[in-house]
Amino acid sequence: MPRGKLFLMRHGESMGNAWKPAYKADERNFLTPFGVIQAQLAGHWFKRRGVSLDHLYSSNLNRARHTMAVVLHESDWQRPWVNMPALNELSDPDDPEEEARVRGAFHNIFTTWTEGNVLIISHYHSMQVIFDYLPV
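These numbers come from a predicted model, not from an experiment. (Residues numbered from 1 in each chain as written. Predicted model: local features only at pLDDT ≥ 70, side-chain atom pairs only at ≥ 80, totals over all residues. Heavy atoms only, no water.)

1. A short note on the pairing of strand 4 (residues 118-122)
- With respect to burial, strand 4 is a largely interior element, five of its five residues being buried.
- Neither face of strand 4 is open: one carries V118, I120 and S122, the other L119 and I121, and all of them are buried.
- In this structure, strand 1 (residues 6-10) lies alongside strand 4, joined through five bridges in parallel fashion. Residue L6 lies in a different strand from strand 4, and its bridge partner there is V118.
- Summarising the sheet, strand 2 (residues 55-59) and strand 4 pair through four bridges and their orientation is parallel. Bridged to L56 within strand 4 is L119. (Buried < 20%, exposed > 50% of the residue type's maximum accessible area, 1.4 Å probe, protein only. Helix = DSSP H or I, 4+ residues; strand = E, 2+ residues; numbered from the N terminus. Pairing = 2+ DSSP bridges.)

Shown next as structure tokens:
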């Protein structure tokens, strides 16, 4: 059984959240200024509580990667993390293959996690799949 804590985080507000035409194009779907503030607050939260993040994973989409970079910067951690395309947002939340992709990614993370804290930054529908899959 893993020893440590699992932190699941949705990316900060993105242009696609604020302006729907940006949602489909990843290169235009970066964090809004408010999304950056959200990520900064999360980083400060980890730092104030002295939480060490030992295993870091994010979706491969800009908004998730940018959120991770800001969180790490604000936490004073300069460390690499794993970009996992399998954690990307579901293009169709009702597609069993899309759900299986995210479940498989989380299964790989969970089964190889032996100790330390884990942070996963992903997307709304991907998080829903992970919540449904958690072995609680």
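Next comes the rest of the write-up.
2. As for the pattern of salt bridges
- Scanning all chains against the criterion turns up three salt bridges.
- The closest approach of N and O atoms between E98 and R101, which form a salt bridge, is 2.9 Å. With E98 and R101 both in helix 4 (residues 96-112) and three residues apart, this pair spans about one turn of that helix.
- Under the relative-accessibility criterion, E98 is labelled buried at 16%.
- The partner of E99 in a salt bridge is R103, and the shortest N-O contact between them spans 3.6 Å. (Salt bridge = Lys/Arg side-chain N within 4 Å of Asp/Glu carboxyl O.)

3. Quick look at unusual backbone geometry
- The backbone phi angle of D76 is positive, close to 65°, even though this residue is not glycine.
- Topologically, D76 is positioned in the loop between helix 3 (62-74) and strand 3 (82-84).

4. Here we look at the packing of helix 2 (residues 33-48) against helix 3
- At a minimum axis distance of 7 Å, the contact between helix 2 and helix 3 shows a crossing angle of 40°. By the angle class used here, helix 2 and helix 3 are oblique. As helix 2 runs across helix 3, the sense of the crossing is right-handed. Side by side, helix 2 and helix 3 meet where V36, A39, Q40, A42, G43, H44, F46 and K47 of the first sit next to H66, T67, V70, V71 and E74 of the second.
- The residue makeup of the contact of helix 2 with helix 3, split by class, is six nonpolar, five polar and two charged. (Axes fitted to C-alpha atoms, helices over the stretch in contact; angles between N-to-C directions. Parallel < 35°, antiparallel > 145°, perpendicular 65-115°, else oblique. Left-handed = near helix turned anticlockwise from the far one by under 90°. Contact = heavy atoms within 4.5 Å. Nonpolar A, V, L, I, M, F, W, Y, C, P; charged D, E, K, R; others polar.)

5. Concerning the sheet that holds strand 2
- Read across the sheet, four strands follow the order 1-4-2-3 without closing on themselves; strand pairing throughout is parallel. Strands at the two margins of the open sheet, each flanked by one partner only, are strand 1 and strand 3. Taking each pair of neighbouring strands and ignoring which way they run, the sheet shows an average axis angle of 20°.
- Against the sheet, helix 3 touches strand 1, strand 2, strand 3 and strand 4, its axis set at about 150° to strand 2.

6. Here's the deal with the side chain of S58
- Along the chain, S58 falls in strand 2.
- Of note is the side chain of S58, whose polar atom sits 2.9 Å from the side chain of W81.
- When neighbours within four sequence positions are excluded, S58 is seen to be in contact with A64, R65, M68, W81, V82, N83, M84, L87 and I121. (Polar contact = N/O pair within 3.5 Å; in protein donor to acceptor, adjacent residues only side chain to side chain.)

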